[in-house]
Amino acid sequence: MRELFEEVIGHSPLDPQESARRSARAPQRRRFYKEAGIAAAADGGFSITLDGRPIRTPSGRTVTVPNDEIAQAIAREWQAQGETIDPLTMPLTRFANSVVEAVVGRADLVADDMAKYLQSDLLCYRAAHPQALVQREAEHWDPVLFWAADALGAHFILSQGVVHARQPETAVAAARAALPSDPWSVAALHVVTTLTGSALLALALAHGILDADQVWAAAHVDEDWNAEQWGTDEEAVRVREARLVDFRAAVQILKAVAGKGAGPKS
């Protein structure tokens, strides 16, 4: 089972895109089990089982998740597989493997890595023109920056174009302090950060300032603007759809840990 799990999930602990690429390259294996289920773990939480045997990571750790909602969702991914196992349909399984392998016991390091994004956050780099794009960026991004300043005491500096703006250490530290401490939430926010290019958007999602659909729209203001002007690119659409799968999985985990119900809309 461990060999199969390694092939299905890949090795990337924090980058959902690389995880998906590795999974896509792995040969699909035939389904070898009848029933996927869950079981209470001895040390708390829940494990996911295949014919009664708990799933383990490539290093041999049992995949234990914090609540039955997450466990059931992962079990459904395994149960939904057909004659062969398609790793691209198992984002929650990939996520859980990554958390158990690389985040549990190291949540502070993952949060520190998120804080690095604050040094060059998407929301701080603005278009100089055309005015309609400038206004659209402001409509999506300014409320998050105002909230960070007012609620967190994190005052970030804006820049036009790609000119680097060195952010105040006090702003980065204040935003870093607003991150959760549990490994599952931190991992979910890290995925949101890498997919959107913005730790501030991830923070806004975690604190309920924006919902998942608003975060996804804010992350693609420039891309959507260009598509409106010049049309869409089929490859770009395909990549975005694949990224959205991982984004939805991260949001689902975040909501489940917080007890907030269902994930984002399509």
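Residues numbered from 1 in each chain as written. Predicted model: local features only at pLDDT ≥ 70, side-chain atom pairs only at ≥ 80, totals over all residues. Heavy atoms only, no water.

1. Here we look at the overall build of the protein
Here comes step 1: When its secondary structure is counted, the protein shows 12 helices and 6 strands.
Here comes step 2: The buried share of the protein, reckoned over its 266 residues, is 45%.
Here comes step 3: When contacts within the protein are restricted to residue pairs at least 6 apart in sequence, long-range pairs at least 24 apart make up 63% of them.
Here comes step 4: When the accessible surface of the protein is split by element, carbon and sulfur atoms take 52% of a total near 12,900 Å². (Helix = DSSP H or I, 4+ residues; strand = E, 2+ residues; numbered from the N terminus. Buried < 20%, exposed > 50% of the residue type's maximum accessible area, 1.4 Å probe, protein only. Contact = heavy atoms within 4.5 Å. Areas by Shrake-Rupley, 256 points an atom, 1.4 Å probe, with all protein chains shown as cover.)

2. With respect to unusual backbone geometry
Here comes step 1: Backbone torsion omega between His 129 and Pro 130 reads -5 degrees, so that peptide bond is classified as cis.
Here comes step 2: Inspection of the secondary structure puts Pro 130 in the loop between β5 (125-126) and α6 (131-152).
Here comes step 3: Positive phi outside glycine occurs at Asp 51, with the angle close to 50 degrees.
Here comes step 4: Tracing the backbone shows Asp 51 in the loop between β2 (46-50) and β3 (53-54).

3. Some words on the pattern of salt bridges
Here comes step 1: Evaluated as defined, the whole model comprises 8 salt bridges.
Here comes step 2: Note that Lys 116 and Asp 113 form a salt bridge whose closest N and O atoms lie 3.9 Å from each other. One end of the pair is Lys 116 and the other is Asp 113, both in helix α5 (residues 107-117) and 3 residues apart, which spans about a single turn.
Here comes step 3: For Asp 113, a relative accessible area of 24% translates into the label partly exposed.
Here comes step 4: We note a salt bridge from Glu 235 to Arg 238, for which the minimum N-O separation is 2.6 Å. Of the two residues, Glu 235 and Arg 238 both sit in helix α12 (residues 234-258), 3 residues apart, roughly one turn of that helix.
Here comes step 5: What emerges from the salt-bridge pattern is a single network uniting Glu 223, Asp 224 and Arg 240. (Salt bridge = Lys/Arg side-chain N within 4 Å of Asp/Glu carboxyl O.)

4. A few points about the environment of Val 215
Here comes step 1: Residue position: Val 215 is located in helix α10 (residues 212-219).
Here comes step 2: Here the alpha-carbon distance between Val 215 and Trp 141, two residues 74 residues apart in the chain, equals 9.5 Å.

5. Remarks on the side chain of Thr 194
Here comes step 1: If you trace the backbone, Thr 194 turns up in helix α8 (residues 183-196).
Here comes step 2: Separated by 2.9 Å, the side chain of Thr 194 and the backbone oxygen of Val 191 make a polar contact. (Polar contact = N/O pair within 3.5 Å; in protein donor to acceptor, adjacent residues only side chain to side chain.)

6. With respect to the packing of aromatic side chains
Here comes step 1: A full pass over the atoms with the stated rule returns 4 aromatic pairs.
Here comes step 2: Seen from their ring centres, Phe 32 and Tyr 33 are 5.2 Å apart, and the 80 degrees between their planes marks the pair as edge-to-face.
Here comes step 3: In this structure Tyr 33 comes out as buried when scored by relative accessible area, which is 5%.
Here comes step 4: Ring plane angle 70 degrees and centroid distance 5.8 Å describe the contact between Tyr 33 and Trp 78, whose orientation is recorded as edge-to-face. Of the two residues, Tyr 33 is situated in the loop between α2 (16-25) and β1 (36-40) and Trp 78 in helix α3 (residues 68-79); the sequence distance between them amounts to 45 residues.
Here comes step 5: Through a chain of ring-to-ring contacts, three or more aromatic side chains come together here, namely Phe 32, Tyr 33 and Trp 78. (Phe/Tyr/Trp six-rings, centres within 6.5 Å; stacked < 30°, edge-to-face > 60°.)

7. Points about helix α4 (residues 91-103)
Here comes step 1: With 12 of 13 residues buried, α4 lies mostly within the body of the structure.
Here comes step 2: The set of residues buried in α4 consists of Pro 91, Leu 92, Thr 93, Arg 94, Phe 95, Ala 96, Asn 97, Ser 98, Val 99, Val 100, Ala 102 and Val 103.
Here comes step 3: Two residues or fewer past α4, Gly 105 is found with a positive phi of approximately 85 degrees.

8. Thoughts on the side chain of Thr 193
Here comes step 1: Here Thr 193 is to be found in helix α8.
Here comes step 2: Apart from residues no more than four positions distant in its own chain, Thr 193 is found in contact with Met 114, Tyr 117, Ser 198, Ala 199 and Ala 202.

9. Re the environment of Ala 75
Here comes step 1: Along the chain, the position of Ala 75 falls in helix α3.
Here comes step 2: Classification of Ala 75 as buried rests on a relative accessible area of 4%.
Here comes step 3: For the pair Ala 75 and Leu 50, spaced 25 residues apart in the sequence, the C-alpha separation amounts to 8.5 Å.
Here comes step 4: Excluding anything up to four places from it in sequence, Ala 75 contacts Ala 36, Gly 37, Ile 38 and Ile 48.

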